[in-house]
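Fold and contact review
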Amino acid sequence: MAMETEMLTGDTYFSQACESFLEKKYNFPKVFLTNSCTIALEMAAVLIDIKEGDEVIMPSYTYVSTANAFALRGAKIIFADSREDHPQVDESKLEKLVTKRTKAIVAVHYAGFACNMNRIKEISEKHQLMLIEDAAQSIGVFYENSSLGSIGDIACFSFHETKNIHCGEGGFIVINNPAFLKRAEILKNKGTNRSAFIRGEVNKYEWVDLGFSSSPSALASSFLLAQMENIDLVESKRKQLWEAYYKKLSCLKEKEIQLPVIPQGSSNNGHIFYLVCRSETERNKLIDYLKDQEIHSVFHYQALHASPYFKERYTGEKLPNAERYTGCLLRLPLFFDLTPSEVDYICDKVIDFFSK
Ligand SMILES: *Cc1c(COP(=O)(O)O)cnc(C)c1O
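Quick look at the structure, then. (Residues numbered from 1 in each chain as written. Predicted model: local features only at pLDDT ≥ 70, side-chain atom pairs only at ≥ 80, totals over all residues. Heavy atoms only, no water.)

Attention now goes to the packing of aromatic side chains. Taken as a whole, this structure holds 21 aromatic pairs when the rule is applied. Ring plane angle 80° and centroid distance 6.0 Å describe the contact between Phe-113 and Trp-242, whose orientation is recorded as edge-to-face. Remark: Trp-242 occurs in helix α9 (residues 231-249) and Phe-113 occurs in the loop between β4 (102-108) and α5 (117-126); sequence separation between them is 129 residues. Among the aromatic residues, ring-to-ring pairing joins Tyr-61, Tyr-63, Tyr-110, Tyr-274, Tyr-301 and Tyr-325 into one connected group. The aromatic ring of Phe-336 is capped on one face by Lys-237, whose charged end is 4.4 Å from the ring centroid. (Phe/Tyr/Trp six-rings, centres within 6.5 Å; stacked < 30°, edge-to-face > 60°. Helix = DSSP H or I, 4+ residues; strand = E, 2+ residues; numbered from the N terminus. Lys NZ or Arg CZ within 6 Å of the ring centre and 35° of its normal.)

Residues Phe-70, Leu-249, Leu-275 and Leu-332 are the most contacted members of the largest nonpolar core, which totals 75 residues. Looking at this core, the element that brings in the most residues is helix α3 (residues 37-47), giving nine residues. Discounting chain neighbours no more than four positions away, the residues touching Leu-275 are Leu-249, Leu-252, Ile-257, Gln-258, Leu-259, Leu-286, Cys-328, Leu-329, Leu-330, Leu-332 and Val-350. Among the nonpolar cores identified, the runner-up in size contains 22 residues, and Tyr-26, Ile-139, Ala-220 and Leu-224 belong to it. (Core = buried A, V, L, I, M, F, W, Y, C linked by side-chain atoms within 4.5 Å. Buried < 20%, exposed > 50% of the residue type's maximum accessible area, 1.4 Å probe, protein only. Contact = heavy atoms within 4.5 Å.)

All right, on to the site of the ligand then. Around the ligand there are 14 residues in total, and Thr-38, Asp-134, Gln-137, Ser-158 and Lys-163 lie nearest to it. Cys-37 has a polar backbone atom sitting 2.8 Å from an oxygen atom of the ligand. More than half of the atoms belonging to the ligand lie within 2 Å of the grid points that define the largest pocket. Its residues assigned to classes, the shell around the ligand comprises five nonpolar, seven polar and two charged. (Near = heavy atom within 4 Å. Polar contact = N/O pair within 3.5 Å; in protein donor to acceptor, adjacent residues only side chain to side chain. 1 Å grid on protein atoms, 1.4 Å probe; cavity = no way out; pocket = protein on both sides within 12 Å on 5 of 7 lines; lining within 4 Å. Sits in = over half its atoms within 2 Å of the grid points. Nonpolar A, V, L, I, M, F, W, Y, C, P; charged D, E, K, R; others polar.)

Below, the discussion takes up empty space enclosed by the protein. On inspection of all chains with the given rule, the structure shows one cavity of 30 Å³ or more. Counted as a void, the largest cavity has a volume near 40 Å³. Considering the residues around the largest cavity, the lining is formed by Ala-136, Gln-137, Ser-138, Ile-139, Ser-158, Phe-159, Lys-163, Asn-164, Ile-165, Asn-269 and His-271. Looking at the lining of the largest cavity residue by residue, the classes come out as four nonpolar, six polar and one charged. (Points joined across faces, edges and corners; volume = space filled by probe spheres on them.)

Below, the structure written as structure tokens:
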């Protein structure tokens, strides 16, 4: 039984402390820490029993893992466009993508803002679809009175280094639909009933289903617990920087530069501050201009329907907004140690660029 008492494996003190922290703070019924949001999404695809030919609807403007997790199981990915006014999925375009083969909708909460979950939930209930939330960027965000990740059947979060709080690589899965609870526990235990064994419900543990090795070690979860204890501080600092950007750059709206829009009902966790330029050329020039001032700005997703892997497989309509965000969106620096005066400096340079 030495294995069971080994303190550096997963599922020991630190992982459990992280899981209970998340369950309490965000009112999640059940959380399992994972090694990434990617693996949490892959687990979600298994839990909802994706089979060859099932259709899964999701935005094209998202990270590869959102689609890859379901494609790995043989799903046909049905991509939806983003909204005109912000990069979240256009909820008004979702219902017409539903067919008899549709199994699930994946709602991606881009930049730490909620997509229109009332409408998306309504569609998934009406057509009896599973609703998965890719909340990788959205820890701490609320939609009306619910925390993101507590609305769909299953939700997936990331603790990758690029997110608000992290442990290098990590994440978690939230099980809201109780129908998936028992299987999720087996799935994350490499397909064994090890958890039932530890609780003394069975006298040995065995291979009972398919599974993953998805538990982070105590090295990662102890680091993560320290991050969690500071999450409110991290969020308030990031939000302060985000608001400083917003205030100072609001003058760009006159020039038809698109600033972030906080969707109705959503709070803001200060994850990303982005601008949408008028053309791809302008966006790339701005990146180069800022680079010359030693400011590191970056583009973001490459619309998945037009990706090298998918473009030959894509048979849907044109997705002009997803393509526009691919070409024109730029993210400005936003990290915990950034100072308000640095934000001021960056804004001055951005404004200079547009006044030329
Ligand atoms: C970061 C991110 C992921 C992947 O998270 P990992 O923890 O790196 O696997 C998936 N989806 C979205 C929307 C993300 O931003």
